[in-house]
Amino acid sequence: MKKFIAIVMASLIVLFAGCSTKTDSNATVIITDQIGRQVTLPQDVDKIVSCYYTATSTFIALDAVDKLVGIEIGADTRELYKEAAEVLLSLPAVGSGKSFNLEQTIALDPDVVIMPNRLSEYIESLEQAGIAVVVVNPESLEELLEMFELLGIISDQEENANELISFFNEKLDEINNLNLDATKKVYLSSNSSYLSSATTKMYQSFLVEQAGGIFVANDIEDGYWANISPEQLVAYNPDMILKVYGASYTTDEILNDERLSSINAVKNSEIYEIPSELEGWDYPTPSAILGVLWLSNKLHSDKYTDQMLEDSVKTFYNEFYGIEYWAK
Amino acid sequence: MNNKSSTKYNIILYSLIIGLVFVLLFSIFLGRYSIKTADFIAIFTGSADNATKNVLLNIRLPRAFCALLCGGALGLSGSIFQKTFKNPLASPDIIGIASGASFGAVVSIVFVSQTIFITQAFSFVFGILSLFLVLIIANTNRENQIFGLIVSGVIINSIASAGVMFLKYTADPTSKLPSIEYFLMGGLYNVRRHHVLYIFLALLFCSIVLYKLRFRLTILSLDDEEIAALGVNSQKTRFTLLFLASILVSTTVSICGVIGFVGLVSPYLAKLLTRNLNRGNMRISFLIGAIVLSVSDIIARTITTSEIPVGIIISLISAPMLIYMLSRGVKNV
């Protein structure tokens, strides 16, 4: 578990004997980020810029919002922020997966910038400006939990991070102890087309298997979303089709596509959108665990009941985000 | 035309037709969903199970015929472009029609609707509209007709491409952008049964008009002064031809997105095959386009679980063909 995150050194470094009165401000911590870089951070991080919504969402769950001074672009589209941390909406937006505003970030003078791997080309420029950069890359459950731990250390909320990790482990144990038989085949399509499939490289394939389903596209190992032919989808013959939030097609379009009429999921109308009112439950964020629980309930409602799901969702949002929420 | 060259032309024509029939059979028999010979017989006797019948009638047959007809349409339109412009590099990809049509699709995805039918309608209309823009701009230069058309085509092409880039830049990266990329990539995964009818009607209409124009077509390869001396309005003929080519290209783009290279390679190969035969090469170009797209699509949809973008395969198989023909052509000069 601690493969990537090792606190190599957390001791005080006194630079000059004569400056002993300033020990606190010179204290540093060295951590390893999720692409294996060693990063030196001040012991007390006060100003954080997060240009990745997964990280921002985690900071809310860790109760570390007050340390954020800048966040990713598009915060106004995130319902979770509006509900749980409205103050975020007034923070300067510095970047997203598409672009990154270097000058704005430097002007905010943060102690550390948290960014996704795809922005890593900016690391050098930020480091030259004397700003530490931590890259997070949560592409599996393990890496997601590592990210929680890492962000807990950075924001000095390690206890909260441990609580979040325990919640994940408890719920996963609960599902594992139900001994769900994987009998139903599940197909998960992207938001661009229902002929675009999640691959085994993606977190979503773990989600399906963890929830006691068979991930149909288990022979597509490359890339993030793979286009498949309608014939391939008929050959897979899934029992359930899941579409991600914001899909550009409707359930009716799938039901009315005469090419897919022989598929079990179409015949039985087993087509669902993964709940995403607050944030997508299929993405690697703190609420990812709810995606697993929701799908377990959809696939095995006899064993993981509606009531069990409702209780978990309510507990999760109440405990980590301080809000009352229950998705239908 | 002497008998010898006529025989040679017929040999080429009929071998291509036989080749195309074989390719069509392959594309009906091959696919990710396994259908055994017994199942094919069962379909004729009406005892096949629903899934097999569905795959064959709703997926494989429409896709096989669409690949054939769209490939043919691109080949034919390429041949028309090259004839009109007297330039082997003129193709639907360069003269703005294809980019105009894809711009239309992107406009629909971003501003109107992502429904397949509406996107296709926009794509078709914008393809035709960009042709009219090309003609209007070309008309401002009366000195050299062909030069004017090519330059205005290139202008419209770059404007439409810039439009596509701008809309991609501003599009919502989670909901709109993937749909745009998906459409622009080109491929036959979206083909439904009614699309076969659309492309068939477009081809039928164009073939009839081309047949009526066949004498003017022969004259078009002469110099503009000579054409005028024969009392033929070369501008009117060229505009009509471009209109036909645009209908073919716009219909194709609306069905299967932008599929490059077929419109360039097919007429060029046709020309090399029929050189010195003094015969029109539109039919040959149609057949080559149909074969190239059909073969590419079979490969794209069968060799791996996920679909390989068909454009990659077209380039991989047609570029070596072109190089081979080119080297042979040079020797025989």
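Residues numbered from 1 in each chain as written. Chains lettered and ligands numbered in written order. Predicted model: local features only at pLDDT ≥ 70, side-chain atom pairs only at ≥ 80, totals over all residues. Heavy atoms only, no water.

Asker: Mind showing me how you'd approach the packing of helix 3 (residues 50-85) of chain B against helix 13 (residues 282-302) of chain B here?
Answerer: In a pair of packed helices, the angle between the axes and the distance between the axes together describe the arrangement. All names here are of chain B. One can describe the packing of helix 3 onto helix 13 by two numbers: an axis separation of 7 Å at closest approach and a directional angle of 140°. By the angle between their directions, the pair helix 3 and helix 13 is classed as oblique. Of the two possible hands of crossing, helix 3 and helix 13 adopt the one that is right-handed. (Axes fitted to C-alpha atoms, helices over the stretch in contact; angles between N-to-C directions. Helix = DSSP H or I, 4+ residues; strand = E, 2+ residues; numbered from the N terminus. Parallel < 35°, antiparallel > 145°, perpendicular 65-115°, else oblique. Left-handed = near helix turned anticlockwise from the far one by under 90°.)

Asker: How do you make sense of the sheet that holds strand 4 (residues 68-72) of chain A when you look at a structure like this?
Answerer: The pairing of strands in a sheet comes from backbone hydrogen bonds and takes either a parallel or an antiparallel form. All names here are of chain A. The strand order 5-4-3-6-7 describes an open sheet built from five strands, whose pairing is parallel. Pairing within the sheet leaves two strands with one partner each, and these edge strands are strand 5 (93-95) and strand 7 (132-136). With direction set aside, neighbouring strand axes in the sheet form an average angle of 25°. Against the sheet, helix 2 (residues 53-61) contacts strand 3 (48-50), strand 4 and strand 6 (112-116), and its axis sits at roughly 140° relative to strand 4. Sitting on the sheet, helix 6 (residues 141-154) is in contact with strand 3, strand 6 and strand 7, with an inclination near 160° to strand 7. (Pairing = 2+ DSSP bridges. Contact = heavy atoms within 4.5 Å.)

Asker: When you look at the packing of aromatic side chains in this model, what are you seeing that I'm missing?
Answerer: How two aromatic rings sit relative to each other is set out by the distance from centre to centre and by the angle between their planes. The full count for this structure, using the stated rule, is 16 aromatic pairs over all chains. Ring geometry for Tyr317 of chain A versus Tyr321 of chain A: centroids 5.8 Å apart, planes at 50°, classification tilted. Residue Tyr317 of chain A and its partner Tyr321 of chain A are both found in helix 13 (residues 306-321); the two are separated by four residues, about one turn of the helix. Where Phe132 of chain B meets Phe243 of chain B, the ring centres are 6.4 Å apart and the plane angle is 45°; that geometry is what we call tilted. (Phe/Tyr/Trp six-rings, centres within 6.5 Å; stacked < 30°, edge-to-face > 60°.)

Asker: Help me understand the pairing of strand 6 of chain A in this model?
Answerer: Two faces, one strand: in a regular strand the side chains alternate between the faces of the sheet. Residue and element names in this part refer to chain A. Summarising burial for strand 6: five of the five residues are buried, a large majority. Every second residue of strand 6 is oriented toward a common face, with Val112, Ile114 and Pro116 on one face and Val113 and Met115 on the other, all of them buried. The pairing of strand 3 with strand 6 spans three bridges and is classified as parallel. When the sheet's bridge partners are listed, Val49 is paired in strand 6 with Val113. Sheet topology note: the strand 6/strand 7 ladder contains five bridges and is parallel. Bridge pairing links Pro116 to Val136 in strand 7. One crossover worth recording links strand 6 to the parallel strand 7 by way of helix 5 (residues 123-128), and it is right-handed. (Buried < 20%, exposed > 50% of the residue type's maximum accessible area, 1.4 Å probe, protein only. Right-handed = clockwise from strand over helix to strand, strands pointing away.)

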